[in-house]
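Spelled out, the chains give:
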Amino acid sequence: MPAPERIPTGSVSSSPEQPEQPELLGLLELLAKGELTVRGQVREASNAVLFCSVSYAGEEASCVYKPVAGERPLWDFPDGTLAQREVAAYEISEVLGWHLVPPTVLRDGPYGEGMVQLWIEADPAAELLALVEEEQPGQGWKAVGFAEVDEGRTALLVHADDARLRRLAVLDAVINNGDRKGGHLLPAPDGVLYAIDHGVTFNVDDKLRTLLWGWAGEPLPPEALAALGALSSALADGGPLVTRLAQLLTPAEVAAVRARVAALVASGKHPAPSGEWPAIPWPPL
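About the cut-offs
- Residues numbered from 1 in each chain as written.
- Predicted model: local features only at pLDDT ≥ 70, side-chain atom pairs only at ≥ 80, totals over all residues.
- Heavy atoms only, no water.
- Core = buried A, V, L, I, M, F, W, Y, C linked by side-chain atoms within 4.5 Å.
- Buried < 20%, exposed > 50% of the residue type's maximum accessible area, 1.4 Å probe, protein only.
- Helix = DSSP H or I, 4+ residues; strand = E, 2+ residues; numbered from the N terminus.
- Contact = heavy atoms within 4.5 Å.
- Pairing = 2+ DSSP bridges.
- Axes fitted to C-alpha atoms, helices over the stretch in contact; angles between N-to-C directions.
- Parallel < 35°, antiparallel > 145°, perpendicular 65-115°, else oblique.

**What to know about the nonpolar core**
Here is step 1: Membership of the largest hydrophobic core comes to 47 residues, with the highest contact counts inside it found for Ile 92 and Val 174.
Here is step 2: Of all elements in the fold, only helix H2 (82-96), strand S8 (153-160), helix H3 (163-175), strand S10 (193-195), helix H4 (222-234), helix H5 (240-246) and helix H6 (251-267) reach the threshold of two or more residues within this core.
Here is step 3: Counting residues per element, this core draws most heavily on H3, at eight residues.
Here is step 4: Leaving out residues up to four positions away in the same chain, Val 174 has contacts with Ile 92, Leu 228, Leu 231, Val 257, Arg 260, Val 261 and Leu 264.
Here is step 5: Grouped together as the second largest cluster of nonpolar side chains are 18 residues, Leu 36, Cys 63, Leu 118 and Ala 188 included.

In structure tokens, the structure reads:
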């Protein structure tokens, strides 16, 4: 399924040869300190999304640069804060220990401050979402809901019953992701799943909109409860995570993260749609 903000290189206005990615050690330094060279623009993105190369100390990688100046204003988020929210999502993912968000930094670039994130090439053969004609999902799949595919015909939207997606569903509940679309899922050829586009996150109000509702109301697995416990400890006042989040989010938003983590641990279950906010993002892919 095509991603609205992370699409094959043939869809950017210029498609240079992809440089070999460096070892992960020092990757954040490369993204934060390297020289950014704009190679093209992702045309389908709702905000300015620039495909770049970054080079530093003999290393080079492909990355995405989203300048704050290119963010479209939203009625329910303060202007000029989406890049910070993307970085905050990365920080939370790292503390959870699941490394679901590609390495992400906040830095100055050719068009001012913005988010810079490692470019991930997705495996086009990996299938995590599907529309099926049956009333119930098959083995290995979880139902999301019925969707109208053309006039008078509906199909069941399903996602894979995959441990990687389940971790992502927990992360999205923590960061209050208001826009988890199918195109934001990037299964890499090595089997690692990455998730992108986390600008619409960390609102103090319940904004959770996702295609990963298949586990709604089910008990959280032990690994999720353990990860949430570690995150809860890391969110204690004075810790490095809280210090970092305070640079990226408002005090009320940091407090809301704590509250969501506490609620997940207390319930021991995946959240269900609240009914007060559209549960599925639109367009879903």
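Here the narrative resumes, following the displayed structure.
**A short note on unusual backbone geometry**
Here is step 1: The backbone phi angle of Ala 57 is positive, close to 50 degrees, even though this residue is not glycine.
Here is step 2: Its place among the elements puts Ala 57 in the loop between strand S2 (50-56) and strand S3 (59-67).
Here is step 3: Although it is not a glycine, Asn 176 sits at a positive phi angle of roughly 60 degrees.
Here is step 4: Along the polypeptide, Asn 176 turns up in the loop between H3 and strand S9 (185-187).

**Structural notes on the sheet that holds strand S7 (residues 141-150)**
By definition, the strands of a sheet pair up through backbone hydrogen bonds, in either a parallel or an antiparallel sense.
Here is step 1: In spatial order, the strands read S6-S8-S7; together these three strands make up an open sheet with antiparallel pairing. Both edges of this open sheet fall to strand S6 (129-132) and S7, since each of them pairs with a single strand only. On average, each strand axis in the sheet is inclined to that of its neighbour by 30 degrees, with strand direction left out of account.
Here is step 2: Sheet analysis places S7 next to S8, joined by eight bridges and oriented antiparallel.

**What about the packing of H2 against H4?**
Here is step 1: Where H2 contacts H4, the two axes come as close as 8 Å, and the packing angle between them is 120 degrees. Of the possible angle classes, the one that applies to H2 and H4 is oblique. Here Ile 92, Val 95 and Leu 96 of H2 come into contact with H4, specifically with Ala 227, Leu 228, Leu 231 and Ala 234.

**Structural notes on the sheet that holds S2**
Here is step 1: Here we have five strands laid out as an open sheet, ordered S1-S2-S3-S5-S4, and antiparallel in their pairing. Each having just a single partner strand, strand S1 (35-41) and strand S4 (104-109) make up the two edges of the open sheet. Pairs of neighbouring strands in the sheet enclose a mean axial angle of 40 degrees, with direction left out of account.
Here is step 2: Both S2 and S3 contribute to a ladder of seven bridges, which runs antiparallel. Paired with Cys 52 across the two strands is Cys 63, which belongs to S3.

**Topic: the pairing of S8**
Here is step 1: For S8, the tally of buried residues reaches six of eight residues, placing the bulk of the element in the interior.
Here is step 2: Bridge analysis of S6 against S8 gives four bridges, and the strand direction is antiparallel. Bridge pairing in S8 links Leu 131 to Leu 157.
Here is step 3: Hairpin connection between S7 and S8: a loop of two residues separates the two successive antiparallel strands, and Gly 152 in this loop has a positive phi of roughly 80 degrees.

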